[in-house]
Amino acid sequence: MFYKVCLALIIIGGINWGLIGLLNFNLVAFLFGGGNLFTRIIYILVGIGAICSIPALFSGDCNNCDM
């Protein structure tokens, strides 16, 4: 369950960064307001989710890999 939450946060962050890069549109700031505490908390949670997912990158358990 923990890793699914981390994956969901990474997907949210990836979509947001993709929109920023393609359209110069920050979805998180648009939905929750720019610069407020709640927006910062979302950014922090996305970062924590990404950091907690780093070990999965180096684990030998890859069910979807063809390597």
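### Section: the environment of Phe-38
Now for step 1: Mapping Phe-38 onto the fold places it in helix H3 (residues 37-58).
Now for step 2: Linking Phe-38 and Val-28, residues 10 residues apart in sequence, is a C-alpha distance of 9.8 Å.

### Topic: the packing of aromatic side chains
Now for step 1: Evaluation of the coordinates by the stated rule reveals three aromatic pairs.
Now for step 2: On the numbers, 5.4 Å between centres and 70° between planes, the contact of Phe-2 with Tyr-3 is edge-to-face.
Now for step 3: Residues Phe-25 and Phe-30 carry aromatic rings whose centres are separated by 5.2 Å and whose planes lie at 55° to one another, so their mutual orientation is tilted.
Now for step 4: On the accessibility criterion, Phe-25 (32% relative accessible area) is partly exposed.
Now for step 5: Phe-30 gets classed as exposed once you look at its relative accessible area, which sits at 59%.

### A short note on H3
Now for step 1: Taking 1.5 Å as the rise per residue, H3 with 22 residues should run 32 Å; its terminal C-alpha atoms sit 33 Å apart, in good agreement.
Now for step 2: The largest bend in H3 amounts to roughly 25° and is located at Cys-52, with the proline Pro-55 lying one to four residues further along.
Now for step 3: Among the residues of H3, those classed as buried are Thr-39, Ile-42, Val-46, Gly-49 and Ser-53.
Now for step 4: On its buried face, H3 is in contact with helix H1 (2-23) and helix H2 (27-32).
Now for step 5: A distance of 3.3 Å separates the backbone nitrogen of Phe-38 from a side-chain oxygen at the start of H3, and that oxygen is part of Asn-36.

### Looking at a nonpolar patch on the surface
Now for step 1: Taken together, the side chains of Leu-22, Leu-23, Phe-25, Phe-30, Leu-31, Phe-32 and Phe-38 make up a nonpolar region of the molecular surface, amounting to roughly 790 Å² of accessible area.
Now for step 2: Secondary-structure elements contributing two or more residues to the nonpolar patch are H1 and H2.
Now for step 3: The greatest single-element share of the nonpolar patch, amounting to three residues, is contributed by H2.
Now for step 4: Along the polypeptide, Phe-30 turns up in helix H2.

### Description of H1
Now for step 1: Helix length check: H1, at 22 residues, gives a terminal C-alpha distance of 31 Å against a target of 32 Å (1.5 Å per residue), a fit within 8%.
Now for step 2: Every buried residue of H1 is listed here: Cys-6, Leu-9, Gly-13 and Asn-16. Buried residues in H1, looked at end-on, bunch into an arc of 95°, giving them a common side. Exposed and facing more than 90 degrees away from the buried side of H1 are Tyr-3, Lys-4, Leu-22 and Leu-23.
Now for step 3: Here the buried face of H1 lies against H2 and H3.

What counts as what
- Residues numbered from 1 in each chain as written.
- Predicted model: local features only at pLDDT ≥ 70, side-chain atom pairs only at ≥ 80, totals over all residues.
- Heavy atoms only, no water.
- Helix = DSSP H or I, 4+ residues; strand = E, 2+ residues; numbered from the N terminus.
- Phe/Tyr/Trp six-rings, centres within 6.5 Å; stacked < 30°, edge-to-face > 60°.
- Buried < 20%, exposed > 50% of the residue type's maximum accessible area, 1.4 Å probe, protein only.
- Expected span 1.5 Å × (residues − 1).
- Bend = angle between axes of the 7 residues up to and from the residue.
- Contact = heavy atoms within 4.5 Å.
- Polar contact = N/O pair within 3.5 Å; in protein donor to acceptor, adjacent residues only side chain to side chain.
- Patch = residues over 30% accessible without salt bridge, like charges linked within 9 Å, V, L, I, M, F, W, Y side chains within 5 Å.
- Areas by Shrake-Rupley, 256 points an atom, 1.4 Å probe, with all protein chains shown as cover.
- Salt bridge = Lys/Arg side-chain N within 4 Å of Asp/Glu carboxyl O.
- Arc of directions from axis to C-beta.

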